[in-house]
Structure formats: C-alpha cells, structure tokens
Amino acid sequence: MPDVTESFLRDQLLVRRERLESSVRVVGPHRHIENLLNEVDAALARMDAGSYGTCETCHDPVEKDRLLADPLVRLCLDHLTAQQRQSLEQDLDLARQLQQGLLPAANLQSSGWSVSYHYQPLGIVSGDYCDLVVRENGSTNLFFALGDVSGKGVAAAILMSQLHAIFRTLAAANLPTQTLVERASRVFCETTMSTFFATLICGRADAAGGMELCNAGHCAALLSQQGKVTRLEATGVPMGMFCDGLYSTCQVRLAPGESLLLYTDGVSEARSPAGEEYGEERLETLLAQESQAPPPALIRACLDALNAFRSGQPLLDDLTIMAIQRAC
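This structure is a prediction, so every number in the text was calculated from the model and none was measured. (Residues numbered from 1 in each chain as written. Predicted model: local features only at pLDDT ≥ 70, side-chain atom pairs only at ≥ 80, totals over all residues. Heavy atoms only, no water.)

Novice: I would appreciate a short explanation of the pairing of strand β7 (residues 221-225) in the present structure.
Specialist: Two faces, one strand: in a regular strand the side chains alternate between the faces of the sheet. Among the 5 residues of β7, 4 are classified as buried, and the element is accordingly described as predominantly covered. Two elements, β7 and strand β8 (residues 228-232), share 5 bridges in a ladder whose sense is antiparallel. Looking across to β8, one finds that S224 is bridged to V229. Where β7 hands over to β8, the hairpin turn is made up of 2 residues, of which Q226 adopts a positive phi near 55°. Bridge analysis of β7 against strand β10 (residues 259-263) gives 3 bridges, and the strand direction is antiparallel. What sits directly across from L223, in β10, is L260. (Buried < 20%, exposed > 50% of the residue type's maximum accessible area, 1.4 Å probe, protein only. Helix = DSSP H or I, 4+ residues; strand = E, 2+ residues; numbered from the N terminus. Pairing = 2+ DSSP bridges.)

And the structure:
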C-alpha cells in the first residue's frame, strides 16, 4: 500500500480512537465502545507490524477502496463469511440509494433552458458527479456541473458526494464561476488524500442565453451553434492537484435551439469489440447531425450510437452525458 494512503488511514484511525475515548469519558465504560477501541488499536498495531491491508486468511492485499471506506477491514472480499457478504451488499445498496438521491431531476426546464442527462455507474455506485441548481438572484441563473473523480468504487463515490456538498454550498453564495471553482478546488485538495483528484466542468447560464464555463481538466465540452460544433477545451488542471490552483472561464452565448454537450470519459473511452475507442470525434459528428434535437432526444441518440459501436462490449468506466439547450 502506498505510504500516503497508509499515513492517511493512520490519521483516520487516530481520530476515531480519540472520539471513542471521548465517548467513554462522557458515557462511561461501554462494551460496544470498548470493542471498537480494541479494533482500532489492533489496526494500528498491524500498521506498526507492516501487515496492515493484508487479508488475514489468504495474505493477499485487501481492496483499497474498502480500506478507505472502512480502515478496520481485515479480510478481502473472497474470504468474507456469508453474513459479512450480505451485510456488505446491504451497505452498498444503501450507498447506491443515497447516491441516487443526490442526483438532480433527469429533465429540467428553467430560465429559458432545457437540460437532460444520463447517469450510468459502472458498478453499484459511481465516481461521476452530475448536478443542476436553479438560483433566483434578481435574474434566474442555472448552475450546472459534470465531473469525474479519479478511481472507482466506494472511495470514488464518497469523494463524489464530497464534491456535491462543496459545490452545493458554494453555488448558494452566488460566486463568479472562476472563484467558485478555485475555492472548491482548495477545499477538495485540503480535505482529500493527495492520490485523488477530480476533473470537472461547470458553469452558469442566464435567462438571456449567456453562459460562463470553467473546465478543470475535464473532457472538452461540445458547443453546437448554427450546425457547427466547437470544442471548448480545459482551462485549468484537475481539482485537488494543487491547493492554490488558478482557473479561467470562457463566455459563450447561445441562440434558441443551440446546445452544449458535456460527458465523462466513460463515453469517449468506451471500446468496440476490436478494441477501438469511441473517441470524441464521433460525438462531434453525431452532435452536428442532431443539432436541432431537444436534449432528451439528443441524449438518446448519443446512447444509441454508443451502444451500436460497443456491440455488447462492457463499459470500462462510469458514464454520464448532459445536454443543455437554449429553449426555442
């Protein structure tokens, strides 16, 4: 296990130990608290002995995302008991339900804009971040965001929920998009292990058709105007890489019927049976062909084309697509 990961988990265990000892001082001796304290001490002892993160049955490494979600884990998935497997499945199902509850409405009509998206986890939970927020600030604004946390599984899903909380809080302050992303990146960097980062594209659209965009290391946004598709490339590095990272924004104005297409690399990096990547050029071509399609139809066309290209090949990553159109 990388030193930075073990150092982070040690800190988490020490914080957990301090809280448990604090609980004992408040409520007095309690069997459940004492058992948890013993488990924390045993985990710290395994770290000191160099055996932490190793399955006690087969001695293979325990899955990293499970350790990040629960530093007390001692067995790999292959050696859980039937009862432990059932408990884990229930926890994952609850995590899936909670994550689904963080997603916005799939189709939104507001402030002269129409928005649709498709969100498809690779597994039970996803590391993709997708959000839509309508703010009334004298003139109505639509805030949108699409991101992708590094890694997969439970750990990525936890960080996705962290991004959701950060952006929801900052969006409420009605900050300029550049300031919002810079503050969000600082908070994410300061509260996340250095091995994790997130690419993200977000923006604010006003009722007059104006749109301000910031792209933090994410896939290029595709802008469809008068039948022509333009790529809007990243204007900064992924969030969390540098705590003092600076970002810039670009301004665009959409006429009625013009659209912006956002997506995660689960789309562009999907593969055909021959191993060929779907790529961004196919998305650009499809957007040019479907330039007048409303967002729900555009999303459907994207998925149909992608599924035909894959011809049954499994996805390699979480997949999210969002279409934003100036209403006619």
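Novice: Explain the sheet that holds strand β2 (residues 113-120) here, please?
Specialist: Pairing between the strands of a sheet comes from backbone hydrogen bonds, and it takes one of two forms, parallel or antiparallel. On the basis of which strands lie adjacent, the open sheet formed by 6 strands has the order β1-β2-β11-β10-β7-β8 and antiparallel pairing. Each of the sheet's edge strands pairs with one partner strand only, and the pair in question is β1 (107-110) and β8. Within this sheet the neighbouring strands show an average axis-to-axis angle of 15°, counted without direction. The strands touched by helix α8 (residues 279-289) are β7, β8 and β10; relative to β8, the strand with the most contacts, the crossing angle is about 140°. (Axes fitted to C-alpha atoms, helices over the stretch in contact; angles between N-to-C directions. Contact = heavy atoms within 4.5 Å.)

Novice: Explain the environment of E18 here, please?
Specialist: Considering the arrangement of structural elements, one finds E18 in helix α1 (residues 3-27). Sequence spacing of E18 and L37 is 19 residues, and the spatial spacing of their C-alpha atoms is 9.4 Å.

Novice: Is there a simple way to explain the packing of helix α4 (residues 82-102) against helix α5 (residues 153-171) in this structure?
Specialist: Relative orientation of the contacting elements α4 and α5 amounts to 30°, with a least axis distance of 11 Å. The angle between the axes of α4 and α5 places the two elements in the roughly parallel class. The handedness of the crossing between α4 and α5 is left-handed. When α4 is examined against α5, the residues L92, Q99 and L102 are found in contact with a partner set consisting of V154, A157, M160, S161 and H164. Residues that form the contact of α4 with α5 fall into these classes: 5 nonpolar, 3 polar and no charged. (Parallel < 35°, antiparallel > 145°, perpendicular 65-115°, else oblique. Left-handed = near helix turned anticlockwise from the far one by under 90°. Nonpolar A, V, L, I, M, F, W, Y, C, P; charged D, E, K, R; others polar.)

Novice: Which parts of the structure should I look at to understand the nonpolar core?
Specialist: A general tendency of soluble globular proteins is for nonpolar side chains to be buried together. Formed by 71 residues in total, the largest nonpolar core has its most connected members in F144, F167, M211 and L260. Per-element accounting of this core gives the leading share, 9 residues, to α5. Excluding anything up to four places from it in sequence, F167 contacts Y129, F143, L180, A184, L200, C202 and M239. Among the nonpolar cores identified, the runner-up in size contains 24 residues, and V267, L287, A301 and L319 belong to it. (Core = buried A, V, L, I, M, F, W, Y, C linked by side-chain atoms within 4.5 Å.)

Novice: Is there a simple way to think about the packing of α8 against helix α9 (residues 295-310) in this case?
Specialist: Axis angle and axis distance: for two packed helices, these are the angle between their axes and the distance between the axes, and together they describe the pair. Packing of α8 against α9 leaves a shortest axis separation of 11 Å and a crossing angle of 135°. By the angle between their axes, α8 is oblique relative to α9. Between α8 and α9 lies a crossing of right-handed hand. On α9, the residues touching R282, L283, L286 and L287 of α8 are L298, A301, C302, A305 and F309. Grouping the amino acids of the contact of α8 with α9 by side-chain chemistry returns 8 nonpolar, no polar and 1 charged.

Novice: What is the right way to look at α9 in this model?
Specialist: The first and last C-alpha atoms of α9 sit 22 Å apart over 16 residues, in line with the 22 Å expected at 1.5 Å per residue. All of the buried residues along α9 are P295, L298, I299, A301, C302, L303, L306, F309 and R310. Residues of α9 that are buried in the fold lie against β2, β10, α7 (265-268), α8 and β11 (319-326). Downstream of α9 by one or two residues, S311 has phi in the positive range, about 50°. (Expected span 1.5 Å × (residues − 1).)

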